[in-house]
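Here are the chains, one letter per residue:
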Amino acid sequence: MKDSSSLTTTTTSSLKNIRFVRYGDLVLLNESSLAKLGLDASTLSQDDEALRRLKATFRCSRLALKRHINDDDFRSPNVVILRGKEEDDSEPIDPWVVQVDNGIRYCFNIEKSMFCKGNIKEKLRLSKLDCSQEVVVDLFAGIGYFALVFAVHCRARQVFACEWNPTAVEALRRNALLNRVEERVVILEGDNRLVCPVGVASRVNMGLIPSSLASLETACRALDVLTFSRLTLHVHENLTYELMKRPKEEEEDKKSKRESTELARRRWAQGIVEQVRDTFSKVHPGLSSTVEAQEVVCIKSYAPHIDHMVADVVIQL
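Worth saying up front: this structure is predicted, and the values here are computed from it rather than measured.

## Comments concerning the overall build of the chain
Looking only at helices and strands, the chain features nine helices and 13 strands. With 317 residues in all, the chain has 48% of them scored as buried. By sequence separation, contacts in the chain at least 24 residues apart represent 66% of the contacts at least 6 residues apart. Total accessible area computed for the chain in this model is approximately 16500 Å², and 48% of it derives from carbon and sulfur atoms.

## Section: the nonpolar core
By size, the foremost hydrophobic cluster in this structure holds 37 residues, and its most contacted members are Val-137, Leu-139, Val-204, Met-206, Leu-233, Ile-272 and Val-276. Contributions of two or more residues to this core are made by strand 7 (135-138), strand 8 (158-163), strand 10 (203-206), helix 8 (216-222), strand 11 (230-240), helix 9 (257-283), strand 12 (290-303) and strand 13 (306-316). Top element by residues in this core is helix 9. It accounts for eight residues. When neighbours within four sequence positions are excluded, Ile-272 is seen to be in contact with Leu-213, Val-235, Glu-237, Ala-311 and Val-313. In terms of nonpolar packing, the next biggest core, distinct from the first, is built from 36 residues, Tyr-23, Ile-110, Val-149 and Phe-150 among them.

## A few points about the environment of Gly-144
In this fold, Gly-144 is placed in the loop between strand 7 and helix 5 (147-152). Sequence separation of Gly-144 and Cys-162 is 18 residues, and the distance between their C-alpha atoms is 9.8 Å. Contact partners of Gly-144, with chain neighbours within four places excluded, come to Tyr-106, Val-149 and Leu-172.

## Quick look at the sheet that holds strand 8
Two pairing modes exist for strands in a sheet, parallel and antiparallel, and in both the strands are linked by backbone hydrogen bonds. Here seven strands make up an open sheet; going across it, the order is 9-8-7-10-11-13-12 and the pairing mixed. The open sheet terminates on both sides in strands that have one partner only, identified here as strand 9 (185-189) and strand 12. This sheet shows a mean twist of 15° between the axes of neighbouring strands, independent of strand direction. Note that strand 10 and strand 11 share four bridges and pair parallel. Across the sheet, residue Val-204 finds its bridge partner in strand 11, namely Leu-233. Lying over the sheet, helix 4 (residues 120-127) contacts strand 10, strand 11, strand 12 and strand 13, oriented at roughly 150° with respect to strand 12.

## What about the environment of Val-200?
Mapped onto the elements of the fold, Val-200 is located in the loop between helix 7 (192-195) and strand 10. Separated by 26 residues in the primary sequence, Val-200 and Leu-226 place their C-alpha atoms 9.4 Å from one another. Once residues lying within four places of it in the same chain are set aside, the contact partners of Val-200 are Val-135, Val-137, Phe-160, Ala-222, Leu-223, Asp-224 and Phe-228.

## With respect to the pairing of strand 5 (residues 96-101)
Looking at chain direction, strand 5 and strand 6 (residues 104-109) are connected through six bridges and run antiparallel. Across the sheet, residue Val-97 finds its bridge partner in strand 6, namely Phe-108. If you look at the hairpin formed by strand 5 and strand 6, you'll find two residues sitting between the two strands, and Asn-102 has a positive phi there, around 55°.

## Remarks on the state of the cysteines
Disulfides are covalent bonds that link the sulfur atoms of two cysteine residues. A full pass over the atoms with the stated rule returns zero disulfides. Among the cysteines around Cys-131, which has no disulfide bond, Cys-154 carries the closest sulfur, lying 4.4 Å off.

## Things to note about the side chain of Arg-62
Mapped onto the elements, Arg-62 comes out in strand 3 (residues 62-67). Within the structure, Arg-62 has its side chain in polar contact with the backbone oxygen of Asp-94 (distance 2.4 Å). Within the local environment of Arg-62, its side chain forms a polar contact with the backbone oxygen of Trp-96, the two atoms lying 3.2 Å apart. Excluding anything up to four places from it in sequence, Arg-62 contacts Tyr-23, Asp-25, Leu-26, Val-27, Ile-93, Asp-94, Pro-95, Trp-96 and Val-97.

Cut-offs and rules
- Residues numbered from 1 in each chain as written.
- Predicted model: local features only at pLDDT ≥ 70, side-chain atom pairs only at ≥ 80, totals over all residues.
- Heavy atoms only, no water.
- Helix = DSSP H or I, 4+ residues; strand = E, 2+ residues; numbered from the N terminus.
- Buried < 20%, exposed > 50% of the residue type's maximum accessible area, 1.4 Å probe, protein only.
- Contact = heavy atoms within 4.5 Å.
- Areas by Shrake-Rupley, 256 points an atom, 1.4 Å probe, with all protein chains shown as cover.
- Core = buried A, V, L, I, M, F, W, Y, C linked by side-chain atoms within 4.5 Å.
- Pairing = 2+ DSSP bridges.
- Axes fitted to C-alpha atoms, helices over the stretch in contact; angles between N-to-C directions.
- Disulfide = S-S within 2.5 Å.
- Polar contact = N/O pair within 3.5 Å; in protein donor to acceptor, adjacent residues only side chain to side chain.

Okay, structure coming up:
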């Protein structure tokens, strides 16, 4: 282990090689980054001098350590705020941080919630929508990643935000206030299949991966078929390309990787459209409609051969 007395001079010139995330006066590091700095994550809290110099190096007043995500229903982060042995335990360190993203302020408890920067492409895309005459339901609201986009940038008349994680719900309430949209954001705590309102929306966001389709029937029930003639579902799912392959005799020879990818995405989108069509007909029997994928977008690469996709499925009555 490096001598902590040399920590500041050693790292200031090489921080570009260290992975960390800054949230105002808090810096979040992982065990690998600490190891590159010559520090042992398991004993760092016992070294007040190392912590002091580490804070000086990163010019922050709070430090947090990130480990692997917990394997629970909420995909909770495994984050602890680092406290020196000489610090007063009677005064808890505030775990709440603020992140500004796409002009929206998101606050969250860093020990209990995560902030996903990988969805910025989708946030920017949705921000261009004019929802001033629409009512939106967000089935998987979290801390407000998309619900706040619909409320702040799209100026939706009303947003119903469903979320079952109590910690995320607390952040969502704070964020609605922080962005001054609390009067237009209705927060519904619990499983969306139980708490989502029926017959209220022109647009439903289904932002859950690996798949949001378990709540497809809930989404269709949320649609207001009496008021709106054009209805939209934003259906998120991970697309694994190997699962989309057809037998060799059905594939064209010498097809490029790009062409194969586009073909897989079109087939995936068509499958989504068929599921929406069938579910909508089941929920609203006898109602004449046309269903099509207006836009199909790759939000980000999730893992090798897996992309996070969204299909904008439009139902025209």
